[in-house]
Amino acid sequence: DQTIVIANDAFCRAQGVSRHDVIGQNAGLLIRGEPAGNVREIEESLLESGLCDSSEQFHLAPDGSQRIVSVNRSLFSDQSTGERYIVATSRDITEDKSREKQLQLLASVFQCASEGAAILNDLGQIVEVNPAFAEMTRESDPRVLVGKSLDQAFQSRIEGLADLIADVRDGNPWSGKIAIPDPQGSMRSYWMSLSPSVDVHGEFIQIVALISDITELENSQMELRRRALYDVLTDLPNRAYFREHLKEHIRQQSGCTVCFLDLDNFKHVNDSSGHLAGDELLRMVGERISTEFEGDVFVARFGGDEFALIIEDSQIPPDQVPRALDGLLAAFRDPFQLGETEALVGLSIGVARFPDHARGVDALMQVADIAMYAAKMGGKNQIRTFTEEMQETVNLRNLVQTRLRDALNGGEISLHYQPQIDSQTGELLGCESLVRWCNSEGVFVPPNEFIPIAEQTGLIGPLGDIVFRKAAEQACQWRDRGLPHQIAINISPHQIRHPRFVSMMRETLGETGARAEWFELEITEHAMMADVNRSIEIIDQLAELGFRIAIDDFGTGYSSLSYLKSFRIHTLKIDMSFIREITVDSQAEAIVRSIVSLGTGLNLNVVAEGVETSEQAALLSEIGCDILQGYHIARPLPADKFVEWQATRD
Ligand code: C2E
Ligand code: CA
Ligand code: CA
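Residues numbered from 1 in each chain as written. Chains lettered and ligands numbered in written order. Predicted model: local features only at pLDDT ≥ 70, side-chain atom pairs only at ≥ 80, totals over all residues. Heavy atoms only, no water.

Colleague: I'd like a rundown of helix H13 (residues 321-331), residues and numbers included.
Modeller: Every buried residue of H13 is accounted for by Val321, Ala324, Leu325, Leu328, Leu329 and Ala331. Down the axis of H13, the smallest arc covering the buried residues is 160°, so these residues share one side. Of the surrounding secondary structure, the elements contacted by the buried residues of H13 are strand E9 (256-264), helix H12 (275-293), strand E11 (306-312), strand E14 (346-354) and strand E15 (383-385). (Buried < 20%, exposed > 50% of the residue type's maximum accessible area, 1.4 Å probe, protein only. Helix = DSSP H or I, 4+ residues; strand = E, 2+ residues; numbered from the N terminus. Arc of directions from axis to C-beta. Contact = heavy atoms within 4.5 Å.)

This is the structure we're talking about:
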């Protein structure tokens with residue numbers, strides 16, 4: 001009837017009660033945990049069958065924690081009284097249970113891991129392997145592997161395996177890469193780690209070998225590396241690789257020549273034949289450069305149409321490099337076959353030496369670039385070696401460039417005006433505006449110094465806009481005051497090439513209220529001849545707006561006279577060099593005379609500039625030159641001084 005007759009101390013502790021409180025109690029009520037019904041069922045069947053029973057039951061400990069206990073029940077009958085008792089012993093197996101669970105978990109990791117795992121004995125023989133390991137050895141039955149060594153399992157020699165095993169057994173874990181051929185014969189890479197496993201006393205038990213196949217990983221890493229270091233289009237090393245290679249040379253202090261190569265006219269091919277043809281051309285160029293040096297030279301492509309070389313002194317001695325590069329230029333004289341068409345491209349080559357010209361990667365690349373730029377500026381298709389003067393030019397350019405940018409934003413740019421007078425009557429007809437830059441230190445920078453730099457750096461656009469705007473505002477102001485307001489303005493060839501040049505001129509007119517008829521745009525003969533068709537087009541558009549056009553520095557540009565009638569021009573400005581000589585050199589006089597008669601014949605105004613003496617002025621008016629300009633009449637003056645100057649003449 002479940003009444004407790006006797007209980008030991010452990011039972012009382014487990015229930016959290018004293019023995020006194022236990023005896024005579026109902027066990028079903030006292031013991032908490034397993035549902036009472038379950039217990040009664042077990043005990044009833046025990047009484048019936050008389051067989052021992054062992055079961056696992058839940059038990060709620062006095063502290064409220066849930067335990068698992070293993071309970072054994074047996075039947076005892078008192079022979080003398082015939083009474084029957086149930087003897088129940090229980091043992092707390094909660095800890096055992098969780099350990100078992102952990103082992104199961106570990107076993108499933110072992111079974112399911114994609115890493116190969118093998119347990120080896122102290123001789124390095126396989127005791128047990130997981131399925132992944134078996135698969136790596138192409139063995140379908142893992143049991144076959146038991147007792148084999150690792151190289152037997154893989155059917156391939158693993159260098160120094162016996163020593164490794166001995167070492168690991170002595171307590172030194174090892175890990176490293178091993179290469180093993182697969183059944184097809186191609187190599188696969190594995191990462192293997194061997195670690196000793198020891199018992200609680202530190203005694204060696206076995207070796208755990210973990211192996212993973214890293215072939216794919218290595219392949220993808222190699223591909224990534226390839227992509228990071230090679231140019232996709234030409235398969236040549238790229239800029240990053242070039243830098244690494246150069247760095248290595250510098251580290252080893254081994255002399256070398258660095259060459260930067262830039263294709264001349266590549267843009268032209270790209271624009272006219274399309275990008276696909278452009279890509280094809282770049283591939284062929286890369287090939288031709290590589291072929292020329294037959295692998296003696298490190299050839300890289302930087303992207304765009306830029307290539308670069310590193311020539312080691314040991315491969316081509318420095319004194320033979322110029323000849324080798326000449327050979328390269330010569331190789332480029334043959335056209336490239338692009339489908340149906342042929343393309344000719346030249347090379348501008350900049351050369352710098354390590355360690356002579358620079359000692360760092362960036363510095364070397366920079367000086368090679370400077371030399372290449374000089375080769376381009378010097379007329380293309382040529383080789384230039386870096387010099388100190390090139391560096392100075394660059395420094396000046398950089399300085400002027402940064403300062404000029406500030407100048408455009410601040411108020412450092414102004415215009416001076418130089419009068420132009422009628423050679424016969426002396427009447428003031430107008431003036432030429434000349435830009436002035438007085439920098440923040442109050443130092444005057446001559447236009448011949450900063451205009452070329454502005455042209456090279458693209459600052460000429462904004463500068464030209466400022467000049468025209470200032471001239472337009474000035475003209476409006478003079479018009480309002482009833483003063484002459486014909487102004488000649490110098491236009492740089494770079495401005496004319498700008499696609500929005502004409503519309504920007506129109507906009508400035510609209511914004512200032514000035515009229516195109518007040519302005520004569522001076523374009524040098526050189527600029528006009530550089531691209532005749534484009535010049536004709538732009539000049540037509542400007543003339544359409546009402547601007548007058550003058551050819552500046554006329555006589556220096558070797559223009560074919562027949563072109564003159566294709567341009568809608570109004571004025572010829574004889575170059576100063578002829579005027580300077582006119583009274584002392586009969587040839588100069590003859591040239592001026594013929595320019596004047598040419599102008600008269602074509603119905604153009606002829607201006608003489610740089611008139612410095614009264615003799616020159618007299619001769620020019622005698623020859624029939626219409627307009628005079630120069631120090632003899634007046635120097636270029638600020639606007640207020642120019643107005644004062646006019647007043648003194650009246
Ligand atoms: P340029 O257009 O041939 O200008 C004439 C230059 O001769 C001016 O020099 C002027 O000051 C100078 N000059 C005038 N009369 C005499 C003289 O009697 N004797 C001598 N020896 N020189 C005289 P500047 O102002 O130094 O300008 C130099 C060049 O800078 C100009 O040559 C022009 O090509 C360029 N430039 C000036 N202003 C501008 C501008 O606003 N825009 C552009 N794009 N270029 C400009
Ligand atoms: Ca001029
Ligand atoms: Ca001039």
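Colleague: If you had to explain the packing of aromatic side chains to someone new, which residues and values would you point to?
Modeller: Considering all chains together, one arrives at 19 aromatic pairs under this definition. Note on phenylalanine 154 and tyrosine 190: the rings are 5.7 Å apart at their centroids and 50° apart in plane angle, and the pair reads as tilted. With phenylalanine 154 in helix H7 (residues 150-154) and tyrosine 190 in strand E7 (residues 187-198), the pair connects residues that are 36 residues apart, well separated along the chain. Taken as a pair, phenylalanine 154 and tyrosine 190 share a single burial class, namely buried. Ring pairs connect the aromatic residues Tyr230, Tyr241, Phe242, Phe260, Phe298 and Phe302, which therefore count as one cluster. Between the NZ or CZ atom of arginine 288 and the centre of the ring of phenylalanine 332, over which it lies, the distance is 5.9 Å. (Phe/Tyr/Trp six-rings, centres within 6.5 Å; stacked < 30°, edge-to-face > 60°. Lys NZ or Arg CZ within 6 Å of the ring centre and 35° of its normal.)

Colleague: Tell me about the coordination of the calcium ion (ligand 2), and name the residues and values.
Modeller: Bound to the calcium ion (ligand 2) on the protein side are Glu432 (OE), Asn490 (OD1), Glu522 (OE) and Asp552 (OD), at distances that span 2.1 to 2.3 Å. In this structure the calcium ion (ligand 3) is found 4.0 Å away from the calcium ion (ligand 2), and aspartate 552 serves as a bridging donor for the pair. Pair noted here: asparagine 490 is in strand E19 (residues 487-491) and glutamate 522 is in strand E20 (residues 519-524), with a separation of 32 residues, a long-range link. According to the relative accessible area criterion, asparagine 490 is partly exposed, its value standing at 30%. Among the residues examined, glutamate 522 registers a relative accessible area of 1% and is labelled buried. (Donors = N, O, S within 2.8 Å, 3.2 Å for Na, K, Ca; no water.)

Colleague: Summarise the sheet that holds strand E3 (residues 84-92); cite the residues concerned and give the values.
Modeller: Taken in spatial order, the three strands line up as E1-E2-E3 in an open sheet, and their pairing is antiparallel. Across the chains shown, the open sheet's two edge strands, defined by having one partner strand only, are strand E1 (53-60) and E3. When the angles between neighbouring strand axes are averaged without regard to direction, this sheet yields 35°. Pairing between E1 and strand E2 (residues 66-77): eight bridges, direction antiparallel. (Pairing = 2+ DSSP bridges. Axes fitted to C-alpha atoms, helices over the stretch in contact; angles between N-to-C directions.)

Colleague: Just give me the short version of the sheet that holds strand E6 (residues 174-181), but keep the residues and values in it.
Modeller: Read across the sheet, five strands follow the order E5-E4-E8-E7-E6 without closing on themselves; strand pairing throughout is antiparallel. A strand with exactly one partner marks an edge of an open sheet, and here the two such strands are strand E5 (126-129) and E6. Each adjacent strand pair in this sheet contributes to an overall mean axis angle of 25°, direction not counted. Relative to strand E8 (residues 204-213), strand E4 (residues 116-120) runs antiparallel, the two sharing five bridges. Looking across to E8, one finds that isoleucine 119 is bridged to valine 208.

Colleague: For the site of ligand 1, give the residues involved together with the corresponding values.
Modeller: The immediate surroundings of ligand 1 are formed by 21 residues, with Gln418, Arg436, Asn490, Glu612 and Tyr631 found nearest. The separation between an oxygen atom of ligand 1 and a polar side-chain atom of glutamate 432 is 3.3 Å. Here an oxygen atom of ligand 1 and a side-chain polar atom of aspartate 552 are 3.1 Å apart. Here ligand 1, which alone exposes 790 Å², has 83% of that area covered by the protein. Looking at the shell around ligand 1, the elements that each hand over two or more residues are strand E17 (428-438), helix H16 (447-457) and strand E21 (548-554). Ranked by residue count, the leading element in the shell around ligand 1 is E17, at four residues. The class makeup of the residues in the shell around ligand 1 is nine nonpolar, six polar and six charged. (Near = heavy atom within 4 Å. Polar contact = N/O pair within 3.5 Å; in protein donor to acceptor, adjacent residues only side chain to side chain. Areas by Shrake-Rupley, 256 points an atom, 1.4 Å probe, with all protein chains shown as cover. Nonpolar A, V, L, I, M, F, W, Y, C, P; charged D, E, K, R; others polar.)

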